[in-house]
Amino acid sequence: MVPYNQELRMIINEGVVMMSVYDLKPGQTALVSGILGDEKLAKRLRALGANEGVKVRVKNFAPLGDPIIINFMGFDLAIRKSDAKNIVVKDVV
Amino acid sequence: MTISVPKRMITAALIGNPNVGKTTLFNLLTGSNQHVGNWPGVTVEKKEGFINDNIKIVDLPGIYAMDTYSNEEKISKSFLENGNVDLILNIVDASNLHRNLYLTMQLKEFNIPIVLILNMVDVAENKGIKIDYEKLSKLLDVMVVPIVASKGKGVDKLEELLLNDIFSKANHDNDNQYHDELRFKSEAETYKYIEGILSQCLTHTSENTVTITERLDKILINKFLAYPILVAIAYFIFQFTFSWVGQPLADLLDTFVNDWFAPHVDILLSGTSSWFKSLIVDGIIGGVGSVIVFLPVVLALFLCISFLEDSGYMARVAFLMDKIIRKMGLSGKAFIPLIISFGCNVPGLMSTRTLESEKDRKMTALLLPFMSCNARLPIYLVMAGALFRGHEALVVASLYALGVVVAFFVGILFKNTIFKKDDEPFIIELPEYKLPELKSLVLHTWEKGKGFLRKAGTIIFSVSIIVWLLSNFNFSGMTEIDKSFIAGIGRFISPVFIPLGFASWQNSVSLLTGIMAKEVVVGTMGVIYGGNLTKILPTVFTPISAISFLVFVLLYTPCISLIATMKKEYGGKMTAFSVTYQLVLAWIVSFIVYNGGSLILRIF
């Protein structure tokens, strides 16, 4: 279940197909549009700077496919794919 | 101030993000004048150090924010609120100010004067970042001190400022002004504010090209090379600890204690009564000596772990192993403590301290005793040699594998029961690689060794005396082990082992003394069965009861050194739980093995 928060409402209102960091390929960059799911994780990611409009790049997958390395605000972060699904992005570059 | 008034002790809280050189700075400021303990009620390490008699520095856990619900953050918050903190030393990574200043913004809400310590200004410079320190200080309204902790640059200046005690005067009058305007409604707003400040005092002279970190990551987390390299590094640490450096030194120390020190004391005490001599030589020197010989192993291991930790590779280990180890409810970093435990559980347990979340630390600590340590091997070999000649390797390998399988299932069980609500999301920063500082490595390593000797040593000291008393005395005075209290206890508990197929007071006593150290099981058997075990054991064990016995040895409560270390690191309650559940589990698995095995044999 995804909590019905502001970000989600925004995404639905704009009628955009939701895309997350999980859907990006290594090397692809996109802009964060919001974070869903577990509030603990969402709060942590936002505190680290994953806020709306911030550039996020998928750098690498682990050799076993999970977790993945993403880069935003100038540092690398390892995150599980299931959590990466909650980072909603737009404007894929 | 006049000289006659003694100055009040000033408490400074050192706080910052992980991987910004906080520990290095703490070590530089306080040297070996440190005290390591636990924060009350949790397994988070608390470090205090002193610059001089007047200034105490408390090293708070590395955190990114104050309000994302982790234990480390709660501790830091409540300490800043109630710990009578006079000064906050906020260390930040100068090459990544954006993210680091987020915590600074939250720290400003505490109304405590802040010194912003910009570490790694050399790295920032190499990245082409120019920082206007004065402007930054003015805009943030805090004192700014640039340093390079790894090279010790700027630290003397910082120390001088601290000793001159100027902050409490400089900042206290105006700290209410900025307070109200810094109430941010969201994280995004805070970051916008930080961005506004940094745009005025940062200039980027060049875009950085491919960094060393990126080049190293191309190899170290490469699809094909990552695991071979990881295995090679784990193998190296294992060998370094148990074959090349740690164990040989431990053996030397052991030889010194047992072949030189103990005989000399023995001669010295030759005039005294035999019980006194036995207490000193067998009880105290024997018991405490068995702990001291762990020291080189602990030191060797921690040298390696500190190196991995400080270099930035440890975060990659977590990244690489996460998918595998997650299945048993742990995060990838637990791989190292578990591997180390195959050598000896004690250093393995001590290294659980390096895990991020409390749940990971506790779960790893509870599961690692199932990794079959070196001390259990002699028992396997003696039993297998006596009852399964020609199949020793298979028996030993199966036992090691059984330990892993049991840990796996117990992990799944714990994950879904006692640790269910503690589930932490897994995110780990992959810091840039750097060459660790020797001074920092040595200090950290020595710190671990010292703590181990002091805490574990005292517990073992008292337990050694108790075990000595029990195995050398009965109500009529000093006696042989087969008539001692411990033999009585062995006879009393031996019915418990009837369903497991190896009930006899001799086996019970062997298992009891095995709590001192597992290899003692063999020694005790040698004494009480008297003579050649290879010939005697087949007369008292059937193949199935022998397997059942070995399974019990593998799984039951580990040695007193581990119990003492666990008490030191995790407290009495968890230690009691660990000891109890392992006894119960060992009994259950042995029961299944013995009765299942007997049943199968009867059918075929």
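In this text, all values refer to a predicted model and were calculated from it rather than measured experimentally. (Residues numbered from 1 in each chain as written. Chains lettered and ligands numbered in written order. Predicted model: local features only at pLDDT ≥ 70, side-chain atom pairs only at ≥ 80, totals over all residues.)

## Let's talk about the overall build of chain A
Broken down by element type, chain A carries three helices and six strands. N-terminal to C-terminal, the α/β element order of chain A is α-β-β-α-β-β-β-α-β. The buried share among the 93 residues of chain A stands at 43%. Taking all contacts inside chain A whose residues are at least 6 apart in sequence as the whole, residues at least 24 apart take part in 60%. (Helix = DSSP H or I, 4+ residues; strand = E, 2+ residues; numbered from the N terminus. Buried ≥ 20, exposed ≤ 12 C-beta atoms within 10 Å, placed from the backbone. Contact = placed C-beta atoms within 7 Å.)

## Focus: the overall build of chain B
Along chain B, the regular secondary structure elements total 27 helices and twelve strands. Along the three orthogonal principal directions, the C-alpha set of chain B runs to about 85 × 65 × 40 Å. By residue count, 42% of the 604 residues in chain B fall in the buried class. Partitioning the contacts of chain B with sequence separation of at least 6, the portion at a separation of at least 24 is 73%.

## Remarks on helix 3 (residues 97-107) of chain B
By the criterion of burial, helix 3 of chain B is predominantly enclosed, with ten of the eleven residues buried. Among the residues of helix 3 of chain B, Leu 97, Arg 99, Asn 100, Leu 101, Tyr 102, Leu 103, Thr 104, Met 105, Gln 106 and Leu 107 of chain B are the ones counted as buried.

## Some details on the interface of chain A and chain B
At the interface, 27 residues of chain A touch 25 residues of chain B. Looking at the side of chain A that touches chain B residue by residue, the class counts come to 13 nonpolar, four polar and ten charged. Sheet analysis places strand 5 (residues 75-79) of chain A next to strand 10 (residues 427-430) of chain B, joined by four bridges and oriented antiparallel. Bridged to Ala 78 of chain A within strand 10 of chain B is Ile 428 of chain B. (Nonpolar A, V, L, I, M, F, W, Y, C, P; charged D, E, K, R; others polar. Pairing = 2+ DSSP bridges.)

## Remarks on the packing of helix 12 (residues 246-268) of chain B against helix 14 (residues 295-311) of chain B
To characterise two packed helices, one gives the angle between the axes of the helices and the distance between these axes. Residues and elements named next belong to chain B. Relative orientation of the contacting elements helix 12 and helix 14 amounts to 160°, with a least axis distance of 7 Å. Considering the angle they form, helix 12 stands roughly antiparallel to helix 14. Helix-helix and strand crossings are classified by hand; for helix 12 and helix 14 the assignment is right-handed. Seen from helix 12, the contacting residues are Gly 246, Gln 247, Leu 249, Ala 250 and Leu 253; seen from helix 14, they are Pro 296, Val 297, Ala 300 and Leu 301. Classifying every residue of the contact of helix 12 with helix 14 by side-chain character gives seven nonpolar, two polar and no charged. (Axes fitted to C-alpha atoms, helices over the stretch in contact; angles between N-to-C directions. Parallel < 35°, antiparallel > 145°, perpendicular 65-115°, else oblique. Left-handed = near helix turned anticlockwise from the far one by under 90°.)

## Some points on the sheet that holds strand 1 (residues 19-20) of chain A
Spatial ordering of the open sheet is given by 1(A)-6(A)-2(A)-3(A)-4(A)-5(A)-10(B), a layout of seven strands whose pairing is antiparallel. At either end of the open sheet lies a strand with only one pairing partner, and these are strand 1 of chain A together with strand 10 of chain B. Looking at chain direction, strand 2 (residues 29-35) of chain A and strand 3 (residues 55-61) of chain A are connected through three bridges and run antiparallel. Across the sheet, the residue bridging to Leu 31 of chain A is Lys 55 of chain A, located in strand 3 of chain A.

## Section: the nonpolar core
Within the largest apolar cluster, 177 residues are counted, with the highest numbers of intra-cluster contacts made by Ile 87 of chain A together with Leu 14, Ile 117, Val 298 and Leu 550 of chain B. Here this core takes ten residues from helix 14 of chain B, the largest share from any one element. Counting contributing residues, this core receives three or more from each of domain 1 (10-204) and domain 2 (372-421 + 480-604) of chain B. Excluding anything up to four places from it in sequence, Leu 550 of chain B contacts Tyr 380, Met 383 and Leu 399 of chain B. (Core = buried A, V, L, I, M, F, W, Y, C linked by C-beta atoms within 7 Å. Domains from an automatic or database assignment.)

## Some remarks on the packing of helix 18 (residues 358-367) of chain B against helix 27 (residues 560-603) of chain B
Residue and element names in this part refer to chain B. Two numbers describe how helix 18 lies on helix 27: the axes approach to 11 Å, and their chain directions differ by 65°. Taken together, the axes of helix 18 and helix 27 are roughly perpendicular relative to one another. Crossing angle aside, the handedness with which helix 18 passes helix 27 is right-handed. On helix 27, the residues that touch Lys 362, Ala 365 and Leu 366 of helix 18 are Met 566, Tyr 570, Met 574 and Ser 578. The residue makeup of the contact of helix 18 with helix 27, split by class, is five nonpolar, one polar and one charged.

## Observations concerning the sheet that holds strand 4 (residues 55-59) of chain B
Residues and elements named next belong to chain B. The strand order across the open sheet built from seven strands is 2-3-4-1-5-6-8, with neighbouring strands paired in mixed fashion. Looking at the sheet topology across the chains shown, the edges are occupied by strand 2 (34-38) and strand 8 (143-146). Taking the axes of each pair of neighbouring strands and ignoring which way they run, one obtains an average angle of 25° across the sheet. Bridging between strand 2 and strand 3 (residues 45-50) involves five bridges; their strand directions are antiparallel. Its bridge partner lying in strand 3, Val 36 is registered against Lys 47. Packed on one face of the sheet, helix 3 meets strand 1 (10-16), strand 5 (87-93) and strand 6 (114-119) and runs near 165° to strand 5. Contacts between helix 5 (residues 133-140) and the sheet are confined to strand 6 and strand 8, with strand 8 contributing the most and set at about 150° to the helix.

## Digging into the pairing of strand 1 of chain B
Residue and element names in this part refer to chain B. Among the seven residues of strand 1, five are classified as buried, and the element is accordingly described as predominantly covered. Examined bridge by bridge, strand 1 and strand 4 share five bridges and lie parallel to one another. Bridge pairing in strand 4 links Ala 13 to Val 58. Bridge count for strand 1 against strand 5 is five bridges, and the pairing is parallel. Residue pairing for strand 5: Ile 15 is matched across the bridge by Asn 90.

## With respect to unusual backbone geometry
In the segment running from Asp 66 of chain A into Pro 67 of chain A, the intervening peptide bond is cis, with an omega of -5°. Looking at the secondary structure, you find Pro 67 of chain A in the loop between strand 3 and strand 4 (68-72). Phi angles above zero are rare outside glycine, and Asp 91 of chain A is one such case at about 50°. Along the polypeptide, Asp 91 of chain A turns up in the segment after strand 6 (87-90). For Met 120 of chain B, which is not a glycine, the phi torsion comes out positive at approximately 60°. Examined against the element boundaries, Met 120 of chain B turns out to sit in the loop between strand 6 and helix 4 (121-126).

## Structural notes on the confidence of the model for chain A
Residues with a pLDDT of 70 or more make up 82% of chain A, whose mean pLDDT is 85. No element of chain A has a lower mean pLDDT than helix 1 (residues 6-14) of chain A, which averages 49, and none a higher one than strand 4 of chain A, which averages 96. (pLDDT = per-residue confidence, 0-100.)

## Comments concerning the environment of Phe 342 of chain B
All names here are of chain B. Tracing the sequence through the fold places Phe 342 in the loop between helix 16 (335-341) and helix 17 (345-351). Considered as a pair, Phe 342 and Phe 238 are 104 residues apart in the sequence and their alpha carbons are 8.9 Å apart. Ignoring sequence-local partners within four residues, the contact set of Phe 342 consists of Met 371, Ser 372 and Cys 373.

## Notes on the confidence of the model for chain B
All names here are of chain B. For chain B, per-residue confidence averages 86 on the pLDDT scale, and 94% of positions sit at 70 or higher. Between residues 1-5, whose pLDDT stays under 50, and residues either more than four places distant or in other chains, the model counts zero contacts. This model gives residues 172-179 a pLDDT under 50, and the stretch forms six contacts once residues within four places in sequence are excluded. Reported confidences for the modelled complex are a pTM of 0.80 and an ipTM of 0.84.

## Looking at the environment of Tyr 22 of chain A
Tracing the backbone shows Tyr 22 of chain A in the loop between strand 1 and strand 2. Taking the C-alpha atoms as reference points, Tyr 22 of chain A and Arg 80 of chain A, separated by 58 residues in sequence, lie 9.3 Å from one another.

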